[in-house]
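Understanding the architecture of this molecule
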Amino acid sequence: KLTAPIRFTNSLEGASFNAKMLRDVATSPDDKTVIFHAVGHLWKRVGNSNPTRLTQDNTHFEYQPSFSADGKKILYTTWSDATQSSIRELDLSTGASRILNTELGFYYQPRFSPNGQHVVFVKAGGSSLTGSLNSLNRGIFTTPINTWAPTKIAAGAEPQFSPDSKRVFYMSGSDLAKKVMRVGIHGENPREVFNLKYVDSVQFSPDGKHIAFTELYNAYVAPLPAFGGSIELSKDTTAIPVTALTKSAGPYLHWSNANTVHWMLGNEYHTRNITSGQNTAPSKISLSVASDAPNDTVAF
């Protein structure tokens, strides 16, 4: 039996198009500014204004923004085939930018310490697409903000500081054998905090009182217990009360301050106040950019 296949008509949008998948989202502590990645660069939306480019750098791709505790600076990463990754600090008031790393490599997920004195980041390896040059000595590192002096403290991903800036939380393991660990900023006293199974991302609130996480695409939030032994973290755990934030998906989950958690779904920006337990009506971030139309002449 032959059945007519389902067909949909799709048309290109012409000279410009609306970005439909916004990534790497960060929100300022006062909830007024959203920075996100789209079409290779970082964009900034203040209030309900139209997004504008964060920088005018057209020679590097830009990713993974994160705010300082006072909201005055951000860290982000860049990539170019010539210089590989870099970690950059940008002063939002003056526009002054500087590169932190003095060594070539693959750098990801930079975060400020709450006191602004250190940065934590991941140094990883390359791939068949990017090559593997400068990919030795991988792991999670901390460095003073004003001097590039990396100290390896662990192996893992998603590092983030504790509220007192003295410890770093991170995820270790893979597949169904993942854990959340805690370690001092010099690599001392590693300790298991959570045992994970289907959880694939965790985000600690700035005051250290709550944890937001994603499991099988959906987002959840739970109070953070006083640390004793490790407990299992999942949407079904009975050790701590867990509240569902989403019903379909909650990617790019992040905190702006101790009471507010955000996520992005496509180009819809979502917010939840955990004190009131209320979700703010989602807002669409409309970013229209020029289509990448070739203007070369090619002879075959």
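Next up on the list: the pattern of salt bridges. Across all of its chains, the model carries 7 salt bridges by this definition. Across the pair D57 and R88 runs a salt bridge whose closest N-O atoms are separated by 3.9 Å. One end of the pair, D57, is in the loop between β5 (52-53) and β6 (61-67); the other, R88, is in strand β8 (residues 84-91), and 31 residues separate them in sequence. Salt-bridge contacts for E89 lead to R98; the nearest nitrogen and oxygen are separated by 2.7 Å. In this structure E89 comes out as buried when scored by relative accessible area, which is 8%. Taking relative accessible area as the criterion, R98 reaches 30% and is therefore assigned partly exposed. Within the structure, one salt-bridge network assembled from shared partners comprises K73, E89 and R98.

Quick look at the nonpolar core now. Generally speaking, nonpolar side chains in soluble globular proteins are found buried as a group. Judged by nonpolar contacts, the single largest core of 16 residues is most densely connected at V180, F194, L196, V202, F204, I211 and L233. At the level of secondary structure, the elements contributing two or more residues to this core comprise β15 (167-174), β17 (191-196), β18 (199-204), β19 (210-215) and β20 (218-223). Ignoring any residue separated from it by four or fewer positions in sequence, one finds L196 in contact with M171, L176, K178, K179, V180 and L233.

Once that is clear, we can look at the sheet that holds strand β10 (residues 106-112). Spatial ordering of the open sheet is given by β10-β11-β12-β13, a layout of 4 strands whose pairing is antiparallel. Looking at strand neighbours, the two that pair on one side only are β10 and β13 (151-154), the edges of this open sheet. Strand-to-strand twist of the sheet, defined as the mean angle between neighbouring strand axes without regard to direction, takes the value 35°. By the bridge criterion, 3 bridges tie strand β12 (residues 139-144) to β13 in an arrangement that is antiparallel. Bridging across to β13, I140 finds its partner in A154.

A cluster of nonpolar side chains, namely L176, Y198, L216 and Y217, defines an oily patch on the protein surface of about 480 Å² accessible area. Mapped onto the fold, L176 is located in the loop between β15 and β16 (177-184).

With respect to topology, 4 strands assemble into an open sheet ordered β18-β19-β20-β22, the strand pairing being antiparallel. The open sheet terminates on both sides in strands that have one partner only, identified here as β18 and β22 (243-244). Where β20 meets β22, 2 bridges bridge the pair, whose relative direction is antiparallel. Across the sheet, the residue bridging to V221 is T243, located in β22.

Moving on: the packing of aromatic side chains. All told, the structure shown has 7 aromatic pairs when counted by the stated rule. Consider the rings of Y107 and W148, whose centres lie 5.8 Å apart with planes at 90°: the pair is edge-to-face. On the criterion of sequence distance, the pair formed by Y107 in strand β10 and W148 in the loop between β12 and β13 is long-range, its members being 41 residues apart. Taken as a pair, Y107 and W148 share a single burial class, namely buried. Where F121 meets F141, the ring centres are 5.7 Å apart and the plane angle is 10°; that geometry is what we call stacked. Of this pair, F121 sits in strand β11 (residues 118-124) while F141 sits in strand β12, and the two are 20 residues apart along the sequence. When sorted by exposure, F121 lands in the same class as F141, which is buried. What links up through ring pairs into an aromatic cluster is the set Y107, F121, F141 and W148.

Criteria and thresholds
- Residues numbered from 1 in each chain as written.
- Predicted model: local features only at pLDDT ≥ 70, side-chain atom pairs only at ≥ 80, totals over all residues.
- Heavy atoms only, no water.
- Salt bridge = Lys/Arg side-chain N within 4 Å of Asp/Glu carboxyl O.
- Helix = DSSP H or I, 4+ residues; strand = E, 2+ residues; numbered from the N terminus.
- Buried < 20%, exposed > 50% of the residue type's maximum accessible area, 1.4 Å probe, protein only.
- Core = buried A, V, L, I, M, F, W, Y, C linked by side-chain atoms within 4.5 Å.
- Contact = heavy atoms within 4.5 Å.
- Pairing = 2+ DSSP bridges.
- Axes fitted to C-alpha atoms, helices over the stretch in contact; angles between N-to-C directions.
- Patch = residues over 30% accessible without salt bridge, like charges linked within 9 Å, V, L, I, M, F, W, Y side chains within 5 Å.
- Areas by Shrake-Rupley, 256 points an atom, 1.4 Å probe, with all protein chains shown as cover.
- Phe/Tyr/Trp six-rings, centres within 6.5 Å; stacked < 30°, edge-to-face > 60°.

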